[in-house]
Structure formats: structure tokens, C-alpha cells
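# Structural overview for review
One letter stands for each residue in the lines below.
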Amino acid sequence: MDNDLARDRPSHSIPLVFGAGAAIGVLGGMIGLGGAEFRLPLLISLFGFAALSAVILNKAMSLVVVLVALPSRLFAVPASQVAAHWPVAVNLLAGSLLGAWAGASWAVRMRSATLYKVLAALMVLMAAALVVTHTTTLDALTLPVWARIPSGVVSGFGIGVVAAIMGVAGGELLIPTIVLLFSLDIKTAGSLSLLVSLPTMLVAFARYSRDGSFAVLGANLRFAGVMAAGSVGGAVLGGLLLGVFPDLVLIPALAVILLVSAVKLARHD
């Protein structure tokens, strides 16, 4: 486990922390996501948190962003429409809750050097998911029911593991999974992904809290609150900018940011 889980960061000014959170929120908002995958490397490279500390703080801020986004998302997509697809959420949760517990368990047991490399590999996965989701047309897989249900559980487990280890909500992976496996439109998939993400994150939180890993959150509560506020505000602004920049330019640029971040994490001591 990291030696500096509870180390505070009093030297970072509030405007810097808020501004960094806002910038991340804008990036995420422009592609309809929370931006946690961009926040994680920033917590490590700019603010100097060790890997596990950064993951836990990222998870806390992701939870805040999801809680804020859920009501507005349900306003955009009627709750009745989302509720009609509750079996999809249950199917994915059957795997993601277990995956979140397992992922958090593995994260707290990893050596820091190993965790940095795992995070780097997952950043590459996120970059690939970003490009595929936003540059190709996702056609639903024609799976029979007997194959779709176990596929949903297995996919949910994998997403839960990734979300717990990176401290993200997992929408980057949940949305295309819902579209591919369950033939839903992307707006409904986005709302369902939030309903799956919320309990999945809470399970990861419960696991992280078992062995004192949460000390970093208590020691950096102000930092996390300010950055989360910036992320929420930035996400609103990014949502307003949705469509302003063509995906042909925006998506490759964001993918490059993720890949550069992955290289830096892989080289981190």
C-alpha cells in the first residue's frame, strides 16, 4: 500500500485545484462523459498523489459527478423509459458489483510500481474505447438470450474491475457495452450506465474503506471538494460546447492525451 495515503496537499491553491477540475470537466462534458479518466493522471503528475491515493480521490470525485449528472440525465431521458430496461441494469450489476469489490481488493494489495503500470494499461484501453465509441457506428450483436445474460455478467465484472482500479464511473465502457449487448440507443444507454455506475462505485468505496485506505480522502477533503466542484461546473460548460468541435479533431486529440498520460504512468517510479 502507498506510504503517503494520508498526506495532505496544503500547498496547492484553491484556484489551481478548481481550474484543473473545471478543465477536466470540460473535456468530459464535450464527449458526454465525466472526465475521470483525464483526472487520474493529473492527480498523479500535477498534484503529486501516489497511485492508490489518486485512485481513491478520483473515485470520490467521480461519485459526486455521477450524483449531480443523474437527475439531469433522467430529465433528458424520461425515467419511465429508463425503468423499462431495468433487467439490463440488473444483468450488468450482477457482474459489476463483484468486479468492483475484486478490483478494489487487488488495487490495495498491489505494489505502487505495479499499480502505475496497470493504470497505464487501462488508460490505453480507455483511449481505444473512446475512439471506437465516437468514430464508429455501434451495431448491436445478435446474441440469443441464453448467451446475452452471461455476456452481460462477464462484461459487468470486467467493467467493475476497471472502474474500481481507476476510480472512474465506467461510462466509457458501459455505454458501448449496453448498445452492443442489449440493442439500446445511446441516450438510454447513457442513463442506464449512471444507474449501474452508482452502486458499483459504492461497493468499491466500501472495499477501500476496510483497511484504512480512506485516510487520504479525510486528509484531502477540501481538495477533493474544490476539484469536484470544478469538475461539475466544467462538465456543464463542456455539455454546452458539445458539437462545437468536430469529433474528427476532438476524439483523436483526447485519445492522444490519454496515451501520453499512459506513457508517463508506465514510467512512474
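Now for a look at the structure at hand. Keep in mind the model is a prediction, meaning the values are calculated, not measured.

Criteria and cut-off values
- Residues numbered from 1 in each chain as written.
- Predicted model: local features only at pLDDT ≥ 70, side-chain atom pairs only at ≥ 80, totals over all residues.
- Heavy atoms only, no water.
- Helix = DSSP H or I, 4+ residues; strand = E, 2+ residues; numbered from the N terminus.
- Rg over C-alpha atoms; globule rule 2.2 N^0.38 Å.
- Contact = heavy atoms within 4.5 Å.
- Areas by Shrake-Rupley, 256 points an atom, 1.4 Å probe, with all protein chains shown as cover.
- Lys, Arg positive; Asp, Glu negative; His and termini not counted.
- Charge placed at Lys NZ, Arg CZ, Asp CG, Glu CD.
- Phe/Tyr/Trp six-rings, centres within 6.5 Å; stacked < 30°, edge-to-face > 60°.
- Buried < 20%, exposed > 50% of the residue type's maximum accessible area, 1.4 Å probe, protein only.
- Patch = residues over 30% accessible without salt bridge, like charges linked within 9 Å, V, L, I, M, F, W, Y side chains within 5 Å.
- Salt bridge = Lys/Arg side-chain N within 4 Å of Asp/Glu carboxyl O.
- 1 Å grid on protein atoms, 1.4 Å probe; cavity = no way out; pocket = protein on both sides within 12 Å on 5 of 7 lines; lining within 4 Å.
- Points joined across faces, edges and corners; volume = space filled by probe spheres on them.
- Nonpolar A, V, L, I, M, F, W, Y, C, P; charged D, E, K, R; others polar.
- Axes fitted to C-alpha atoms, helices over the stretch in contact; angles between N-to-C directions.
- Parallel < 35°, antiparallel > 145°, perpendicular 65-115°, else oblique.
- Left-handed = near helix turned anticlockwise from the far one by under 90°.

The helix and strand tally for the chain stands at 12 helices and zero strands. Seen in sequence order, the chain has helices and strands lined up from the N terminus as α-α-α-α-α-α-α-α-α-α-α-α. The C-alpha atoms of the chain give a radius of gyration of 17 Å, which matches the 18 Å a tight globule of 269 residues would have. Overall size of the chain, expressed as C-alpha extent along the three principal axes, is 55 × 40 × 30 Å. When contacts within the chain are restricted to residue pairs at least 6 apart in sequence, long-range pairs at least 24 apart make up 85% of them. In the form shown here, the chain has an accessible surface area of approximately 11,600 Å², with 72% of it arising from carbon and sulfur atoms. Computing the positive centroid from 15 side-chain charges and the negative centroid from 10, the chain places the two 4 Å apart.

Going through the model one piece at a time under the given rule, you end up with two aromatic pairs. Both rings, one in Phe49 and one in Phe223, keep their centres 5.1 Å apart while their planes meet at 65°; by these two values the pair is edge-to-face. You can see Phe49 sitting in the loop between helix H2 (36-45) and helix H3 (51-76) and its partner Phe223 sitting in helix H11 (residues 221-240), a full 174 residues away along the chain. Assigned by exposure class, Phe49 and Phe223 land together as buried. Chaining the aromatic ring pairs together yields one cluster made of Phe47, Phe49 and Phe223.

The next thing to look at is a nonpolar patch on the surface. On the surface, a cluster of nonpolar side chains totalling about 310 Å² of accessible area is made up of Leu98, Trp106 and Phe157. Within the secondary structure layout, Leu98 lies in helix H5 (residues 86-109). For Leu98, a relative accessible area of 55% puts it in the exposed group.

Let us look at the layout of surface pockets. Counted as a void, the second largest pocket has a volume near 230 Å³. Every residue lining the second largest pocket is counted, 14 residues in all, and those nearest its centre are Phe38, Pro41, Leu42, Ile257 and Ser261. Looking at the lining of the second largest pocket, its residues break down into 11 nonpolar, two polar and one charged.

At a minimum axis separation of 8 Å, helix H8 (residues 171-182) and helix H9 (residues 186-208) run at an interaxial angle of 125°. When the axis of H8 is compared with that of H9, the two are oblique. Here H8 runs over H9; the crossing is right-handed. On H9, the residues touching Gly171, Leu174, Ile175, Ile178 and Val179 of H8 are Ile186, Ala189, Gly190, Leu192, Ser193, Val196 and Ser197. Across the contact of H8 with H9, the residue classes tally to eight nonpolar, four polar and no charged.

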